[in-house]
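# What the coordinates show
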Amino acid sequence: MTGIIEIDNLSKQYDSGTKALSDVTMSIEEGEIIALLGPNGAGKTTLISIICGLVVPTGGTVRVDGHDIRTDWRAARKLIGLVPQEIALEPFETVFNSVRFTRGLYGEGRDDAYIEQVLRSLALWDKRDAATKDLSGGMKRRVLIAKALAHRPKVLFLDEPTAGVDVTLRREMWQVVGQLRREGVTIILTTHYLEEAEEMADRVGVISKGQLLLIRPKDELMREFGRKTLTIELDEALHAIPSELLGRGLELAPEGDRITYNYDTTAERTGIARLLGELATLGITVRDVSTRQSSLEEVFISLVQEGEAA
Amino acid sequence: MTLLNWPGIWAIFHHEMMRFFRTIWQSLASPVVSTVLYFVVFGAAIGGRIQSVEGVPYGAFIVPGLMMLTVLQQAVSNASFGIYFPKFSGTIYEYLVSPVGWIEVTLGFVGAAAAKAILIALVILATSFFFVGVHILHPLWMLAFLFLTALGFSLLGFILGLWAKSFEQLQIVPMMVITPLVFLGGAFYSASMLPPFWEGVAKLNPVLYLISGFRWSFFGLADVPVGVSLFAVAIFIVICLAIIRWIFATGWRLRE
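Residues numbered from 1 in each chain as written. Chains lettered and ligands numbered in written order. Predicted model: local features only at pLDDT ≥ 70, side-chain atom pairs only at ≥ 80, totals over all residues.

## Focus on the overall build of chain A
A count of helices and strands for chain A gives ten helices and 14 strands. By the compact-globule yardstick of 19 Å for 310 residues, chain A is too spread out, its C-alpha radius of gyration being 24 Å. C-alpha extents for chain A along the principal axes are approximately 75 × 45 × 35 Å. The burial tally for chain A puts 36% of its 310 residues in the buried class. Within chain A, contacts between residues separated by at least 24 positions form 71% of all contacts whose residues are at least 6 apart in sequence. (Helix = DSSP H or I, 4+ residues; strand = E, 2+ residues; numbered from the N terminus. Rg over C-alpha atoms; globule rule 2.2 N^0.38 Å. Buried ≥ 20, exposed ≤ 12 C-beta atoms within 10 Å, placed from the backbone. Contact = placed C-beta atoms within 7 Å.)

Right, here's the structure in full:
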């Protein structure tokens, strides 16, 4: 099955010689949410900018719903909405007119009812007649989203939607994305907040130094890497794991005073309560318990380091 | 060729015109006030000594030149500001990611800038009726020259706005190039009033051809044949269009 976006060997080398993107290939399915993770300057924005038409690639192709972005750019661009990283709005324009203007640019006829619907869904309807310069930062960002949605795009690009945004606003932005997903919009977002990728994405792509290191379902990544480790400190050292507890994947520290237990956070039963109960029954006194999660962040850091070493 | 995105052209044109109408009084007041001043200074004070140029009263003789001066200034500044402002505010990205090509963007911005310039020129013409009796010999040709000039210089302004990287650059060209060309282009005198050598130099000035043609449409008098004037404007427009097309095709100062 071909995806709504097909990227083949996409490369970008700037005149200065900097290679911003090397041979990126990926396919994005309709309706999914992809989070592109990567450090600053990794090439995330370059990738998005090429697909949207802001940057001219030096090699490779991109097709949006079958339309090549270079040769069939009008059709390709009509399907795309972009929310840029930097807030850029005409300061004296009202919210409503600004959204209506964008709709016109995309060749769509006037449809005030639809614009009203978009503004209401983004909690901007009360501000429709306000000049954009008088809005708060969060509202401005929502205006940018409203503009990007003005022509009912099938694919929405969000370039660092929550960069420099406070926690409340971030949650708010996630809700907006969730709502768009329910409406069937394909969303590609870049972020360097792993929490954001964990929260929203169906698949996660990791980009570093212009290369796509991997793109995999988030759940799979979390299952593989997102395990938790329970460390149980014992009052008295043991020589070995008691036979009753063998086969549970428990490990005893060389000093014998610590047991570690790896468990899957996504599993229905973690087995922690049972383990602690059994320890008590066996008369083993627990001094302290701590847990540690290998987060997407660690996955990410190790991947980027591997990428750099390669 | 793909069909043009007309709603896109209209969106840009309408957006630009709205800005003009939001500040309609400022937009009109300054050209009208300066025209009145020109009439007072050139028409009344100097005109009292010159009487007439080739049979046309001096006050009336300067009307086409004044209109041209305004059209050139307004066309260049409106078009250059129109496209420079989105570059400055960052909203230029919208034009680059939406399905509008160089033709749509140019038609929208340049069309609006030319429309504003023509509107202001007509207001100046109306103002001049209060000071002098002006009879227009070829009204349709007058409108045609007005339109072509507004178009040509809006295109030039558009290029300027695409090129400019700062507000200073945006202002330096109208100040250093356009205004001198208009003054030396015979806005307030006939080139034939100059000594032969300077008359030859004046004929290297493209604006002379515009003013000459325009003045011909009013009084039937011209420094150069009307056909040459028309040809010069047409060439000018074609060159500007070619440059704009090149800028959008290569993405110079627009795309990375």
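## Points about the environment of Ile 178 of chain B
If you trace the backbone, Ile 178 of chain B turns up in helix α7 (residues 167-184). Setting aside residues up to four positions removed in sequence, Ile 178 of chain B forms contacts with Leu 72, Gln 73, Val 76 and Val 173 of chain B.

## Thoughts on the environment of Ala 115 of chain B
Examined against the element boundaries, Ala 115 of chain B turns out to sit in helix α5 (residues 102-128). Between the C-alpha atoms of Ala 115 of chain B and Thr 35 of chain B, which are 80 residues apart in sequence, the distance is 19 Å.

## Section: the packing of helix α9 (residues 206-219) of chain B against helix α10 (residues 226-250) of chain B
Residue and element names in this part refer to chain B. The interhelical angle for the contact between α9 and α10, taken along N-to-C directions, is 130°, at an axis separation of 8 Å. When the axes of α9 and α10 are compared, the pair comes out oblique. For the pair α9 and α10, the sense of crossing is left-handed. Judged by residue contacts, Pro 206, Tyr 209, Leu 210, Ser 212, Gly 213 and Trp 216 of α9 engage Val 226, Val 228, Ser 229, Leu 230, Ala 232, Val 233 and Phe 236 from α10. Of the residues belonging to the contact of α9 with α10, the class tally is ten nonpolar, three polar and no charged. (Axes fitted to C-alpha atoms, helices over the stretch in contact; angles between N-to-C directions. Parallel < 35°, antiparallel > 145°, perpendicular 65-115°, else oblique. Left-handed = near helix turned anticlockwise from the far one by under 90°. Nonpolar A, V, L, I, M, F, W, Y, C, P; charged D, E, K, R; others polar.)

## Here we look at unusual backbone geometry
All names here are of chain A. A positive phi angle is found at Asn 9, which is not glycine, with a value near 45°. By the secondary structure assignment, Asn 9 is in strand β1 (residues 5-13). Residue Arg 152 is not a glycine yet carries a positive backbone phi of 50°. Summarising the element assignment, Arg 152 is placed in the loop between α5 (137-149) and β7 (155-159). Residue classification places Arg 152 among the partly exposed residues on the basis of 16 C-beta atoms within 10 Å.

So, to be careful, I would describe these as geometric facts and stop short of saying anything about function.
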